Amino acid sequence: MDFRAEYEKWCTDPYFDEATKAELKAIAGDDKEIEDRFYRTLEFGTAGLRGVIGAGTNRMNIYTVRQATQGLANYILSQGEDAVKRGVAIAHDSRNMHDEFTDATALCLAANGIKTYVFPQLAPVPELSYAVRTLGTIAGVVITASHNPREYNGYKVYWEDGAQFTPPHDKGVTEEVLAIEDLSTVKTTTVEEAVKAGKYQIIGAEIDDKYIAQVKAQVVNQDAIDKMQDSIKIVYTPLHGTGNIPVRRALKEIGFTHVTVVPEQELPDGDFPTVSYPNPESKEAFELGLKLAKEQDADLVLATDPDADRLGVYVKDTKSGEYIPLTGNMSGSLLCEYVLSQKKARNLIPADGQVVKSIVSTNLIDEVAKAYGVELVEVLTGFKWIGQQILKNERTGKGTYLFGMEESYGCLIGTYARDKDAVSATVALCEAAAYYKTKNMTLWDAMIDMYEKYGYCIDAVKSIGLSGIEGLAKIQSIMDYLRNNTPAEIGGYKVVSARDYKLDTIKDMATGKVKPTGLPSSNVLYYDMEGGAWVCVRPSGTEPKIKFYYGVKGTSLEDGQKKSEELGDAVMAMVDKLM
């Protein structure tokens, strides 16, 4: 792409509004900024379209949103009359420009003759996933950038099964988007005309009620909640996002009476004024919640990200009086153990039961699955692949999904939705806290029990931000080098086998034998190492970063944490040599 030519076009073409032109003219002479805005068109990653809000082809604005939507519309039109009639459900979270991007999406689809079902209020990602299946639409769109910084917004596309789109649909839509060379050919209309044509329908309370009913239906041990509902103190923050109403409603309706919301973070706000980064993985996101928890002597502190698909957790250790953070791997493993143990006690684990995890998630899940005699299924990073496994089970009649998780603070209990659900995870974690309290245990006690039972699997992730065209090139060069030069050892751990998901190979380093991964092609490298240690390298699908995941198995919590820190340092030292 000739970024200067594109810049000039956006500054002069009457198709673009005056505010857009003024924003671009203000950066005249800043070649680096112009290049960053126009060197490419935003691409679909593991979660769809995502970028910084602003003018330019490499930014989130009404023009790039319309372009993406026209591509989606063209693909839906190619699927036949029934697909067009079924329409598209559209939701948004609290991020800036959510109304403008929602309208840009809905009105482009309507102008193409495709009916839209629009949430006017904030709706969590899992509720949109549920709505797609309930309404029977061909697709769904959520305007969100999940846990990214405030400067971002995004556009997640879902297909008829309620999961983020996978092959061949992701490729099909992307090809249609790339085929649009002239933005002025993108269709749009007005809300009034769309409503008049029967292509714009508001949805809300009826879907809310059905969704919450499904969340509540995943409760396994209501008796434990009934016994301890007045004894469990919960502090919750929606981080200015969509979780506030559904989380509080679900917890109240199943019986929890002591739920306090962090007041400074209760209301929706796309500027996220209390945090620099609305991410429940971040310690900063919990500062206000932890302060409130200590004042109230709460049992646990919970935070959901802006689109309420990720859940962060701090649990109180009564022995030390401190609040301890659980990583996504820890909370996911804890919930998996709890759900399976409760189902086993009620003889609800079928012979073909499955637990599904992403390849970068903890090996602790492997041990849990083995202990309960269920199949462990590994999929690529991105919850859409877990959703695809559920669909595969339905289509083949083989395999019963029981629990799915990924290390990035996301899990799904049940199959009513096909994306990670922080609302459901919040309910389940509070239920688990109630259950363990009947045993005079905290969630931290339960976590330590798990480690003692299965081994101290300690996992972590480090990432390096490399933005812009130079950053993309550096990320690719790191991947290319590691792909062509498999390390013999990392941090003193001998590499036993090397997986290359792009080349679909698993190489036994001792024998040289190669077998396929069995998963779709993806630019990911994975090293299995001695002693249960592992390292995985992949470019982020949603941010300009390269990520390094790693795990160890220790003999105690202290031993595991020490080994994890040492392996993390070794990974970074290896990367420093490649920078």
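A brief structural summary.

Cut-offs applied
Residues numbered from 1 in each chain as written. Predicted model: local features only at pLDDT ≥ 70, side-chain atom pairs only at ≥ 80, totals over all residues. Heavy atoms only, no water. Pairing = 2+ DSSP bridges. Helix = DSSP H or I, 4+ residues; strand = E, 2+ residues; numbered from the N terminus. Axes fitted to C-alpha atoms, helices over the stretch in contact; angles between N-to-C directions. Contact = heavy atoms within 4.5 Å. Phe/Tyr/Trp six-rings, centres within 6.5 Å; stacked < 30°, edge-to-face > 60°. Buried < 20%, exposed > 50% of the residue type's maximum accessible area, 1.4 Å probe, protein only. Lys NZ or Arg CZ within 6 Å of the ring centre and 35° of its normal.

## Brief notes about the sheet that holds strand β12 (residues 353-358)
Sheet strands line up and pair through hydrogen bonds in the backbone, either parallel or antiparallel. The sheet built from four strands is open, its strands ordered β13-β12-β14-β15 with mixed pairing. Two strands lie at the open edges of the sheet, namely β13 (375-379) and β15 (410-412), each paired on one side alone. Here the strands of the sheet are splayed against their neighbours by 20° on average, with no regard to which way each runs. Pairing of β12 with β13, which is carried by five bridges, proceeds in the parallel orientation. Bridged to Lys357 within β13 is Glu378. The sheet strands contacting helix α14 (residues 328-345) are β12, β14 (400-406) and β15, and the helix crosses β14 at an angle near 160°. The strands touched by helix α15 (residues 364-371) are β12, β13 and β14; relative to β12, the strand with the most contacts, the crossing angle is about 175°.

## Here we look at the packing of aromatic side chains
Any aromatic ring pair is given by two values, namely how distant the centres are and how the planes are angled relative to each other. In the structure shown here, the tally under the stated rule is 16 aromatic pairs. Seen from their ring centres, Phe286 and Tyr314 are 4.6 Å apart, and the 50° between their planes marks the pair as tilted. In this pair, Phe286 sits in the loop between β8 (259-261) and α13 (287-296) while Tyr314 sits in strand β10 (residues 311-317), placing the two residues 28 residues apart along the sequence. Among the residues examined, Phe286 registers a relative accessible area of 1% and is labelled buried. Within the aromatic cluster, the residues linked to one another by ring pairs are Tyr7, Trp10, Tyr15, Phe16, Phe38 and Tyr63. One Lys or Arg, Arg499, reaches over the ring of Tyr526 and ends 3.8 Å from the middle of that ring.

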